[in-house]
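Summary of the model geometry
Now for the letters of each chain:
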Amino acid sequence: MFSTICQTSFAVNTTTQNLSSSNTESALQLYLEEQSTYDIDSIDKSTQCRLNSLGLFNYEILQIEPEFLENIMNADLEDVNASTEYIQYSESSTGDISTKALNKAEVDGVISSLANTSSNGSTVEINSSAKTSNSVLKKTMLATNVKINGKKKTSCTYVCSWLKSPSQRMIDVASIGWGSNQGSFDSTSSFYANYSCIDTITYYKKKSNSNDYKKYTETESYEYNITSSMRKDASENGLYCKSKLKADENDSAGSTTYYHSYNNHTFTMGFYLTNVSNISHTYFRGVYSHQKKKSSFKIDSISVNFGITGVPSISISGGYKKETYYSDIGDVLLLNHVY
């Protein structure tokens, strides 16, 4: 169980799926243990081990701002509430869309087809030779109670990442809501949103004294601060951010063509709620809205409304029907106990 590296048990803490096994370690547990063998330069090993044990992959950890990492690390492990959901997303040639929350066995099947594409374990994607042609979205929500200037607050982190990228790469939206009487967004404390992806660059160069070509592969990480895209619901019981996903592309330099394949598209949000004194818990709901059809509308025309229970619902100004252009993928739930 990697006890020489991590002193943390890898029975994955998740509320939406029972991914741990009482007898044998699942493929997910083994994969998270493997992730912990790689060092992340920006954080200490104990923090990395805790976050891996909560179900986060290394490339996801890299997108969480230090302040929110500290909140998770400083809390007792049993006080960190975590929920993870894996969703299969299918697009047919006729435009039909289907989504499915994966069970334990199906998640293990997905994890078994994952491949590290960099030496530090910070890049993850599903092998192109994997049996499934479906896209896979992973959503993780974490919450813990903190005190800032003597006031009780809830520190929230929400991560949505594609383990296998969707074929359509347009404007996607990550939303998280909560009950209108369960807390309010604290705009006076830190908050952020990031969009990131991994660029796998492939190119060929002619071998010296030969007509043969040698294949080269490199990876680069891209991270975009999209905090300016964050919006709150008028009743302050929901937040969302949005960004365009980078599409695969080619470019040339001299006689060499570089093929860019963008994977691990990830949205990360962090924020605080000011707790209400007379409640015992906050119930969070996280939705990811994926654009499935091209259109001329701009990113500023997209907004999200939240009902009194905090259920996100996307809308597009200009007379565009949401159902025509967007699919809501999953509804990850998290119950955070307030004390």
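Relevant structure appears above.
Residues numbered from 1 in each chain as written. Predicted model: local features only at pLDDT ≥ 70, side-chain atom pairs only at ≥ 80, totals over all residues. Heavy atoms only, no water.

Below, the discussion takes up the pairing of strand β6 (residues 151-164). Within β6, 12 of the 14 residues are buried, which leaves it mostly tucked inside the rest of the structure. Two strands pair when backbone bridges link them, and strand β5 (residues 135-148) and β6 are joined in this way by 13 bridges, in the antiparallel orientation. Of the residues in β6, the one forming a bridge with lysine 139 is cysteine 160. Between β5 and β6, which pair antiparallel and follow one another directly, the connecting turn spans 2 residues, one of which, asparagine 149, has a positive phi of 55°. Relative to strand β14 (residues 256-274), β6 runs antiparallel, the two sharing 9 bridges. The residue bridging threonine 157 from the neighbouring strand is glycine 270, located in β14. (Buried < 20%, exposed > 50% of the residue type's maximum accessible area, 1.4 Å probe, protein only. Helix = DSSP H or I, 4+ residues; strand = E, 2+ residues; numbered from the N terminus. Pairing = 2+ DSSP bridges.)

A few words now on the environment of serine 165. Topologically, serine 165 is positioned in the loop between β6 and β7 (171-178). As for serine 165 and alanine 247, which are separated by 82 residues in sequence, their C-alpha atoms are 9.9 Å apart. Ignoring anything within four residues of it in the chain, the contact list for serine 165 reads Ser135, Tyr262, Asn263, Asn264 and His265. Only 3.4 Å separates the side chain of serine 165 from the side chain of asparagine 263, close enough to count as a polar contact. (Contact = heavy atoms within 4.5 Å. Polar contact = N/O pair within 3.5 Å; in protein donor to acceptor, adjacent residues only side chain to side chain.)

Consider a sheet: its strands pair through backbone hydrogen bonds, and that pairing is either parallel or antiparallel. With antiparallel pairing, the 5 strands of this open sheet are ordered in space as β11-β12-β7-β15-β18. Of all the strands in the sheet, just β11 (231-232) and β18 (326-337) have a single pairing partner and so form its edges.

In this section: the packing of helix α1 (residues 27-36) against helix α2 (residues 45-53). As a packed pair, α1 and α2 sit with axes 9 Å apart at the nearest point and diverge in direction by 165°. Our classification of the angle between α1 and α2 gives roughly antiparallel. Of the two possible hands of crossing, α1 and α2 adopt the one that is right-handed. Counted together, Leu32, Gln35 and Ser36 of α1 and Lys45, Gln48, Cys49 and Asn52 of α2 form the full contact between these two elements. Grouping the amino acids of the contact of α1 with α2 by side-chain chemistry returns 2 nonpolar, 4 polar and 1 charged. (Axes fitted to C-alpha atoms, helices over the stretch in contact; angles between N-to-C directions. Parallel < 35°, antiparallel > 145°, perpendicular 65-115°, else oblique. Left-handed = near helix turned anticlockwise from the far one by under 90°. Nonpolar A, V, L, I, M, F, W, Y, C, P; charged D, E, K, R; others polar.)

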